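Residues per chain, in single letters:
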Amino acid sequence: MTPSESPQDTYAIRISKVSKKYGDYPVLKDINAQVARGEVVVICGPSGSGKSTLIRTINRLEEINSGSISFDGQNIHAPMKTRELNHLRSRIGFVFQSFNLFPHLSVVDNVSMSPVRVKGVARDVAHDQALRLLDRVGLADKANAFPGQLSGGQQQRVAIARALAMEPPVMLFDEPTSALDPEMVGEVLAVMKSLAADGMTMLCVTHEMGFARDVADRIWFIDAGQIIETATPEEFFTSPRHPRAQRFLADLRH
Amino acid sequence: MINDIIAIIRDYWLLLLIGQYPNGPLGGLANTLILSALSIALAFPLSILLALARLSKWPFLRWPVTVLVYVTRGVPLLMLILWSYFLVPLLTGADVPSFVTMLTTLVIYQAAFLSEVVRAGIVALGQGQMEAAKALGHGYFGAMRFVILPQALYNMIPSILSTFVSTIKDTTLGYVINVPDLTFAASQVNNQLLTQPFQVFLILALIYYAICWSLTHVAYRLERRITRKRAGLTGAGAAAVIAPAKIISEQL
């Protein structure tokens, strides 16, 4: 067992006193929160509240000004060699709003490239694994297609398979369905639901309240850079405590 | 007129092809091709390094290269050639062959131009691709090699090709420092004939056109092949996807 898999910490992600500013403007204010292993957390809140920034700090695509974020017991914002950071990042799956597939590679190469180049997995092993993952997201028949030939929903499912190929213990989703046509949202959410059912630890920024209600173990409601309510979906949707959350939910019903 | 041209080629083809060789240095078309090939082969990788340095977050890497690029782009090539030709021996005392002087100057000059093309290609890709690569655990160089450059260089093929073509044409300036290239050979022929400059330099123009056209054609074929592959159409029946490749023919 490698030291990074220290089992003592029951939390997969531990966010402590995290603050971040863009110039003088605070985007995250003293955030404290944890995600347990196997837990599915949905982050919601009005636009500009800092949801995306928060989830991007977890794999250090964004730097923070103070605080710490530990992943499997290691502070990902500690000063470290870039090698070490790359290794930590390779163990955190990340799905972008805009897919960011590699357009010059076929679908199967998109999925298998990083295991080969980053983890040193043998090419044929990575290829077989990629085909299995594509089958899992329902795209086995698109293995040799290129991203440009796929619909948005298909591209996002490939992006999920690509992230899963690194076998991360944690998956982060940054508004994965916001760039999709409405009829394609369902296919992506179905893949995410099946991941949650398999016990994946997930942290997901989304506006899909139906998904939050059905799949989330907990909901974090963010406003103006602060988590102002943490609740189970039942509590959150039936009796939100914070007036800002009440207003947010009321606005969603219109 | 046609007869004159045929006669010139018949009498001087060997001089135009290889210069004075083997009685003197290799020259003519052979030397032009060698100089062009070496310039392009050295300038292209150098330009990628310069572009990465220009985009670097470290000022001690970014600043010197930025200065180099600005100065090189802001000065006529002919002036750089004359500087290298007169100043390098004066400063170092070394007797540098004019071919080496020409090659070095051309490589630096064209690499500076090309680096801006490469940089534009990288910047135009946007942050998303780099972020996706980082999120998967790729380091900077891995991301560049496997994700960013294959896309940036492909997108920039038309501009890169233009720079290659102008590199070939700029080898003619070696004439002023006595690099025995094709232009040098042609002007020797002209000096011997005295009365037929139009015919001699028409031959010269046609040869340069043929070289540059061949390169353009090869690049066009290459671009079309990549375009087809990336559209997932490795087989036949891909007429619709060759449209982007048309841009290349408009560069000439």
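Each value, and the rule that gives it
Residues numbered from 1 in each chain as written. Chains lettered and ligands numbered in written order. Predicted model: local features only at pLDDT ≥ 70, side-chain atom pairs only at ≥ 80, totals over all residues. Heavy atoms only, no water. UniProt positions renumbered as here; feature names shortened; annotations may be inferred. Helix = DSSP H or I, 4+ residues; strand = E, 2+ residues; numbered from the N terminus. Buried < 20%, exposed > 50% of the residue type's maximum accessible area, 1.4 Å probe, protein only. Patch = residues over 30% accessible without salt bridge, like charges linked within 9 Å, V, L, I, M, F, W, Y side chains within 5 Å. Areas by Shrake-Rupley, 256 points an atom, 1.4 Å probe, with all protein chains shown as cover. Salt bridge = Lys/Arg side-chain N within 4 Å of Asp/Glu carboxyl O. Pairing = 2+ DSSP bridges.

- In the annotation of an unreviewed UniProt entry, the entry for chain B reads Amino acid ABC transporter permease, and the organism field reads Phyllobacterium brassicacearum.
- Of the comments in the UniProt record for chain B, the one headed Sequence similarities (unreviewed entry) reads "Belongs to the binding-protein-dependent transport system permease family. HisMQ subfamily."

- An unreviewed UniProt entry annotates chain A as Amino acid ABC transporter ATP-binding protein of Phyllobacterium brassicacearum.
- What the UniProt record of chain A gives under Sequence similarities (unreviewed entry) is the line "Belongs to the ABC transporter superfamily."

### Details of the overall build of chain B
Here is step 1: On a plain count of helices and strands, chain B comes out with eleven helices and zero strands.
Here is step 2: When its helices and strands are written in sequence order, chain B yields α-α-α-α-α-α-α-α-α-α-α.
Here is step 3: Seen through its principal axes, chain B has C-alpha atoms that stretch 70 × 55 × 30 Å.
Here is step 4: Across the 252 residues that make up chain B, the buried fraction comes to 44%.

### What about a nonpolar patch on the surface?
Residues and elements named next belong to chain B.
Here is step 1: Together, Leu-78, Leu-82, Phe-86, Tyr-175 and Val-176 line one region of the surface with nonpolar side chains, adding up to about 420 Å² of accessible area.
Here is step 2: Within the fold, Val-176 resides in the loop between helix H8 (157-170) and helix H9 (182-193).
Here is step 3: Overall, the relative accessible area of 39% leaves Val-176 in the partly exposed class.

### Details of the sheet that holds strand S2 (residues 25-36) of chain A
Whether parallel or antiparallel, the strands of a sheet pair through hydrogen bonds between backbone atoms.
Residue and element names in this part refer to chain A.
Here is step 1: Across the sheet, which stays open at both edges, the four strands sit in the order S2-S1-S4-S5 with antiparallel pairing between neighbours. Unpaired on one side and paired on the other, S2 and strand S5 (74-75) mark the two borders of the sheet.
Here is step 2: Strand direction decides the pairing type here: strand S1 (residues 11-22) and S2, joined by eight bridges, are antiparallel. Of the residues in S2, the one forming a bridge with Lys-21 is Pro-26.

### Here we look at the UniProt feature "transmembrane region" (unreviewed entry) in chain B
Residues and elements named next belong to chain B.
Here is step 1: With numbering aligned to this structure, UniProt lists the feature "transmembrane region" (unreviewed entry) at residues 33-53, 65-86, 106-126, 138-157 and 198-220.
Here is step 2: As a span, residues 65-86 carries 91% helix and 0% strand, and end to end its C-alpha atoms are 24 Å apart.
Here is step 3: Here residues 198-220 is 100% helix and 0% strand, with 32 Å between the C-alpha atoms at its ends.

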